[in-house]
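The lines below spell out each chain.
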Amino acid sequence: MALAINNEPWLFSRHHVDSPPSVVEHGLKLENEQICRLKGASTILTLASSLNIASTTTSSAIVMLQRFYMLQSFKQFDAKIMASCCLFVALKTQARPTDVHRASRIALKDFLKWVSHVCYDKKLTIPSPEYEALADKVKLYERVLLPSLGFDTLIELPHQHLLLLQEGHHDLLKACWQRANSIMASKFVLLYGPRLLAAGIVQSTIDHCASKAGASPKTDKPAFWQLDASKLERIYTTLIGSQSANQLIDPDDRPLMEQVASLAKEINTWRNTHKDVVRELQRTDIISVAYKTQGSRGSSRVGASSAEAMDGPTKRAKQEDSQ
């Protein structure tokens, strides 16, 4: 098992992230190991789309998958089946009442119908030997997944910290939300805590939007990518809270703003080199709840609470991010 850093059980050093069991113990090339992770994330996304599951639940499942394969090998556990298992566990264990209600309505047999369709492109007949075999495999994987994660299935996501932007920085929040969804399949969820990751997402969103907007003049109410450094520092201090920097990033005594800028640059570089993956992971128009302000009513989708309602970025943010 890789050693966690800064007494945080699910943060790892770069060396350990680049030396997972699939690589060290079973000789899988690192680039192929990363491809397996991305394929697992894609499986979760496709299943979540089919079942209309909120994107924060989907993101939690992807993080579970990331953590599991820091402890176990792709050579021993099929990525698609484990991805399916992670989503089902996330659906059952999330603390959001809407997701718990959703899980109670999705029987294992219904879930497995979609798993068979998504993973094997087969229509599953119930009952049948194929159904029994798939059910046994998913149940077996769940019995391996939960102890491997130490039964730690309540995932702290950067999304919940981004919600602190809801007061006073609404447009910035909507633009950041989709970007947060897209990087869950990246190495950053293993390297950085959710608070610093939220700050990095904000800065990477600002940098991206500013590069697309060009040198547009400031107005009485400047766009979010035109915020001055002092306001940004206050935002990042709010996001990170009372946690010290050495709990959030490899301690190097750099100023907070410099650390956030460095992480933002990493995020944008990863997104630029994985554009196809990012487009796949950003299909929030299919899997997420449309954005609704507090007090809105009536939604047939999963997770229409005030926190879950932030799952849908605006059309403008989608267009900017896809460019």
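Here the structure is a predicted model, which means the values were calculated and not measured. (Residues numbered from 1 in each chain as written. Predicted model: local features only at pLDDT ≥ 70, side-chain atom pairs only at ≥ 80, totals over all residues. Heavy atoms only, no water.)

1. Regarding the pattern of salt bridges
Phase 1: Overall, the coordinates contain 4 salt bridges when judged by the stated rule.
Phase 2: Between E266 and R14 there is a salt bridge, with the nearest N and O atoms lying 2.9 Å from each other. Of this pair, E266 sits in helix α14 (residues 256-273) while R14 is found in helix α1 (residues 14-17), placing the two residues 252 residues apart along the sequence.
Phase 3: Using a relative accessible area of 34% as the deciding quantity, one classes R14 as partly exposed.
Phase 4: Across the pair R37 and E33 runs a salt bridge whose closest N-O atoms are separated by 2.9 Å. Remark: E33 and R37 occur in helix α3 (residues 30-51); sequence separation between them is 4 residues, near one turn of the helix.
Phase 5: Owing to a relative accessible area of 1%, E33 belongs among the buried residues under this scheme. (Salt bridge = Lys/Arg side-chain N within 4 Å of Asp/Glu carboxyl O. Helix = DSSP H or I, 4+ residues; strand = E, 2+ residues; numbered from the N terminus. Buried < 20%, exposed > 50% of the residue type's maximum accessible area, 1.4 Å probe, protein only.)

2. Concerning the packing of helix α7 (residues 108-120) against helix α8 (residues 129-148)
Phase 1: At their nearest, the axes of α7 and α8 sit 10 Å apart, and the two run at 95° to each other. When the interaxial angle is binned, α7 and α8 end up roughly perpendicular. Facing α7, whose interface residues are L108, K109, L112, V115, S116 and Y120, α8 presents Y131, L134, A135, V138 and K139.
Phase 2: By residue class, the composition of the contact of α7 with α8 is 8 nonpolar, 1 polar and 2 charged. (Axes fitted to C-alpha atoms, helices over the stretch in contact; angles between N-to-C directions. Parallel < 35°, antiparallel > 145°, perpendicular 65-115°, else oblique. Contact = heavy atoms within 4.5 Å. Nonpolar A, V, L, I, M, F, W, Y, C, P; charged D, E, K, R; others polar.)

3. Structural notes on the side chain of R37
Phase 1: Residue R37 is classed as buried on the basis of its relative accessible area of 10%.
Phase 2: A polar contact is formed between the side chain of R37 and the side chain of Q66, at a distance of 2.8 Å.
Phase 3: Sequence-distant contacts of R37, that is, excluding residues within four places in its chain, are made with P20, L65, Q66, Y69, M70, F74 and L190. (Polar contact = N/O pair within 3.5 Å; in protein donor to acceptor, adjacent residues only side chain to side chain.)

4. Let's talk about the packing of aromatic side chains
Phase 1: Counted according to the given criterion, the structure contains 7 aromatic pairs.
Phase 2: On the basis of an interplanar angle of 80° and a centroid distance of 5.5 Å, the ring pair of F68 and F77 is categorised as edge-to-face. With respect to burial, F68 and F77 carry one shared label: buried.
Phase 3: Both rings, one in F88 and one in F111, keep their centres 4.6 Å apart while their planes meet at 35°; by these two values the pair is tilted. Taken together, the residues F88 in helix α5 (residues 79-93) and F111 in helix α7 connect sequence positions 23 residues apart.
Phase 4: With a relative accessible area of 0%, F111 lands in the buried category. (Phe/Tyr/Trp six-rings, centres within 6.5 Å; stacked < 30°, edge-to-face > 60°.)

5. Considering unusual backbone geometry
In terms of backbone geometry, most residues other than glycine have negative phi values and most peptide bonds are trans.
Phase 1: If you check the backbone angles, N52 has positive phi at about 60° while not being a glycine.
Phase 2: Along the polypeptide, N52 turns up in the loop between α3 and α4 (55-68).
Phase 3: Using a relative accessible area of 22% as the deciding quantity, one classes N52 as partly exposed.

6. Description of the nonpolar core
Phase 1: Residues M82, L162, L197, V202 and Y236 are the most contacted members of the largest nonpolar core, which totals 82 residues.
Phase 2: Ranked by residue count, the leading element in this core is α5, at 11 residues.
Phase 3: Excluding residues that lie within four positions of it along the chain, L197 makes contacts with P158, I183, M184, F188, V189, L263 and I267. (Core = buried A, V, L, I, M, F, W, Y, C linked by side-chain atoms within 4.5 Å.)

7. Side note on α8
Phase 1: The end-to-end C-alpha separation of α8 is 29 Å, in line with the 28 Å expected for 20 residues at 1.5 Å each.
Phase 2: Within α8, burial applies to Y131, L134, A135, V138, Y141, E142, L145, L146 and S148. An end-on view of α8 places all buried positions within 150° of arc, on one side of the element. Exposed and facing more than 90 degrees away from the buried side of α8 are P129 and R143.
Phase 3: Buried-residue contacts for α8 involve α4, α5 and α7.
Phase 4: Directly after α8, the chain includes G150, whose backbone phi takes a positive value near 65°. (Expected span 1.5 Å × (residues − 1). Arc of directions from axis to C-beta.)

8. Brief notes about helix α10 (residues 170-182)
Phase 1: The element α10 is largely enclosed, with a buried count of 11 among its 13 residues.
Phase 2: Burial in α10 covers these residues: L172, L173, K174, A175, C176, W177, Q178, R179, A180, N181 and S182.

9. What to know about the confidence of the model for the chain
Phase 1: Looking at the chain as a whole, its pLDDT mean stands at 75, while 70% of the residues score no less than 70.
Phase 2: At the level of individual helices and strands, the chain shows its lowest average pLDDT in helix α16 (residues 284-287), which scores 35, and its highest in helix α2 (residues 21-24), which scores 95.
Phase 3: Contacts of residues 1-6 to residues separated by more than four positions or lying in other chains number 18 contacts, the stretch itself having pLDDT below 50.
Phase 4: Note on residues 244-251: pLDDT is under 50 here. Beyond four places in sequence and across chains, it has 19 contacts. (pLDDT = per-residue confidence, 0-100.)

10. Let's talk about the environment of G40
Phase 1: Among the structural elements, G40 can be located in helix α3.
Phase 2: G40 gets classed as buried once you look at its relative accessible area, which sits at 0%.
Phase 3: Residues G40 and I62, spaced 22 residues apart in sequence, show a C-alpha to C-alpha distance of 7.9 Å.
Phase 4: If near-sequence neighbours (up to four positions away) are discounted, G40 is found in contact with L65, A79 and A83.

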